[in-house]
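Overview (structure and organization)
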Amino acid sequence: MSSWFKRKEKGIQTATEEKKDTPKGLWYKSPTGKIVESEDLAKNFYVSPEDDYHVRIGSKEYFEILFDDNKFRELDEKLSSKDPLKFVDTKKYSERLKAAQQKTGLKDAIRTAVGKSMGKEIVIACMDFSFIGGSMGSVVGEKIARAIDVAKKKKVPFLMISKSGGARMMEAALSLMQLAKTSAKLAQLAEAKVPYISLCTDPTTGGTTASYAMLGDINISEPGALIGFAGPRVVKDTTGKDLPDGFQTAEFLKENGFLDFISHRKDLKQKVNLYLDLIQNQPVRV
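All values reported here derive from a predicted model rather than from experimental measurement.

About the criteria used
Residues numbered from 1 in each chain as written. Predicted model: local features only at pLDDT ≥ 70, side-chain atom pairs only at ≥ 80, totals over all residues. Heavy atoms only, no water. Buried < 20%, exposed > 50% of the residue type's maximum accessible area, 1.4 Å probe, protein only. Helix = DSSP H or I, 4+ residues; strand = E, 2+ residues; numbered from the N terminus. Pairing = 2+ DSSP bridges. Expected span 1.5 Å × (residues − 1). Contact = heavy atoms within 4.5 Å. Core = buried A, V, L, I, M, F, W, Y, C linked by side-chain atoms within 4.5 Å. Domains from an automatic or database assignment. Buried area = accessible area lost by both parts, 1.4 Å probe. Salt bridge = Lys/Arg side-chain N within 4 Å of Asp/Glu carboxyl O. Axes fitted to C-alpha atoms, helices over the stretch in contact; angles between N-to-C directions. Patch = residues over 30% accessible without salt bridge, like charges linked within 9 Å, V, L, I, M, F, W, Y side chains within 5 Å. Areas by Shrake-Rupley, 256 points an atom, 1.4 Å probe, with all protein chains shown as cover. pLDDT = per-residue confidence, 0-100.

With that settled, the discussion passes to the pairing of strand S8 (residues 218–221). Each regular strand displays side chains that alternate between the two surfaces of the sheet. Here S8 shows no split at all, with Ile218 and Ile220 on one side and Asn219 and Ser221 on the other all buried. Two strands pair when backbone bridges link them, and strand S7 (residues 196–204) and S8 are joined in this way by four bridges, in the parallel orientation. Note on S8: the bridge partner recorded for cysteine 200 is serine 221. Two strands pair when backbone bridges link them, and S8 and strand S9 (residues 261–262) are joined in this way by two bridges, in the parallel orientation. Of the residues in S9, the one forming a bridge with isoleucine 220 is phenylalanine 261.

Structural data, given as structure tokens:
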């Protein structure tokens, strides 16, 4: 055996700080077991090419998809939650907020922005599930309300992208007040005859569904999204009945009249703008 093939020293000699980490997230495995490269996933609008599974994404990715050249002006970006109730469960709410902000790089569970989509201005509010399960607290409600005000003032359409586990329990009644607040703001938007599109993504549940997510002039969704109020177990226990197959999926809701259409993510920008052109009686953009 030639000498270069023999190990001269036993054990691995590389110092820990010199070791190279394997880059995280090079591969993505969809729930159906299909494996896809992260780069290919991003190019395909974060949809697994083999099984069409729509991977959960956040405001960063939705803004990339919907705004022209990913150019937008973020609204109220520094708004962050306080802890008025001094809430404590297994740890303090104030600590949870700090940890979520550090982990995600977000201030709260929603980002709002104004920019151009297919050449025309639109206001988009998009929830981030990575921030405390996309839970709806005072900041989420306030940012939606302020984004609606901008849309009303500028007379430009408003798109709400919901992705949430429901109300934020650490803010108790203050969180529940956001249902009424956002609904009242949407009524003002309707009065001003400004279009509102609600996009329900996986998952849209709890108080979010019970307020702004179902109040769109048109309610749309992505394939396979979970949309509902209470979880299947609670519904089954309450009604005492077995639930139909696919209960609470976007497809089931569309079939039963809760959704107007389901759009594949790659068609989302075009479909949203087509609808806006049609209802505003404007030339259809291609």
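More follows now that the structure is in view.
Now for helix H8 (residues 268–279). In a regular helix each residue adds 1.5 Å, so 12 residues correspond to 16 Å; H8 covers 17 Å between its end C-alpha atoms and thus fits that length. Within H8, burial applies to Leu268, Val272, Asn273, Tyr275, Leu276 and Asp277. Check the buried side of H8 and you find it contacts helix H2 (59–66), strand S4 (110–117), strand S5 (120–127), S7 and S8. Within two residues after H8, asparagine 281 carries a phi angle of roughly 55°, on the positive side.

So, on to the nonpolar core. In a soluble, globular protein the nonpolar side chains are often hidden away together inside. Counting 28 residues, the largest nonpolar core has Val123, Val140, Ile144, Phe158, Met160, Leu189 and Tyr212 as the members making the most contacts within it. At the level of secondary structure, the elements contributing two or more residues to this core comprise helix H3 (93–104), S4, S5, helix H4 (138–154), strand S6 (158–164) and helix H5 (172–191). Considering every element that reaches this core, the biggest residue donor is H4, with five residues. The residues contacting valine 123, other than those within four sequence positions of it, are Leu75, Ala113, Val114, Ala147, Val150, Ala151, Val156, Pro157, Phe158 and Leu159. One finds Leu66, Ala113, Leu199 and Ile218 within the second-largest nonpolar core, a separate group that totals 22 residues.

The subject of this paragraph is the domain arrangement of the protein. Parsing the protein into structural domains produces domain 1 (23–55) and domain 2 (56–280). Each of domain 1 and domain 2 was reduced to a C-alpha centroid, and the two centroids are 24 Å apart. Domain 1 puts six residues into the contact, and the matching count from domain 2 is 10 residues. Buried area between domain 1 and domain 2, summed over both chains or domains, comes out near 840 Å², and the portion from carbon and sulfur atoms is 59%. Between the two partners, domain 1 and domain 2, sit zero salt bridges.

Moving on: the pattern of salt bridges. As enumerated under the stated definition, the model contains 18 salt bridges in all. Among the ionic pairs, glutamate 39 bridges to lysine 43, the shortest N-O distance being 3.6 Å. Linking glutamate 39 with lysine 43, this pair stays in helix H1 (residues 38–43), spanning four residues, or about one helical turn. A relative accessible area of 53% means that glutamate 39 is categorised as exposed. One network of salt bridges, in which partners are shared, links Asp76, Glu142, Arg146 and Lys181.

Read from one edge of the open sheet, seven strands run S3-S4-S5-S6-S7-S8-S9, paired in mixed fashion. Each edge of the sheet is formed by a strand with only one pairing partner; in this case those strands are strand S3 (72–75) and S9. Sheet contacts for H2: S3, S4, S5, S6 and S7; angle to S4, the most-contacted strand, approximately 10°. Contacts between H4 and the sheet are confined to S3, S4, S5 and S6, with S4 contributing the most and set at about 20° to the helix.

Together, Leu26, Trp27 and Ile35 make up a nonpolar patch on the protein surface, roughly 350 Å² of accessible area in all. Looking at the secondary structure, you find leucine 26 in the segment before strand S1 (27–29). For leucine 26, a relative accessible area of 43% translates into the label partly exposed.

A residue-level look at the protein finds 91% of positions with pLDDT of 70 or above and a mean pLDDT of 91. For residues 19–23, every residue scores under 50 in pLDDT, and the model assigns this stretch one contact once sequence neighbours within four places are set aside.

For the rest of this paragraph, the subject is H4. The first and last C-alpha atoms of H4 sit 24 Å apart over 17 residues, in line with the 24 Å expected at 1.5 Å per residue. Of the residues making up H4, those classed as buried are Val139, Val140, Gly141, Lys143, Ile144, Ala145, Ala147, Ile148 and Ala151. Packing partners of the buried residues in H4 comprise S3, S4, S5, S6 and H5. Two residues or fewer after H4 comes lysine 155, characterised by a positive phi angle close to 55°.

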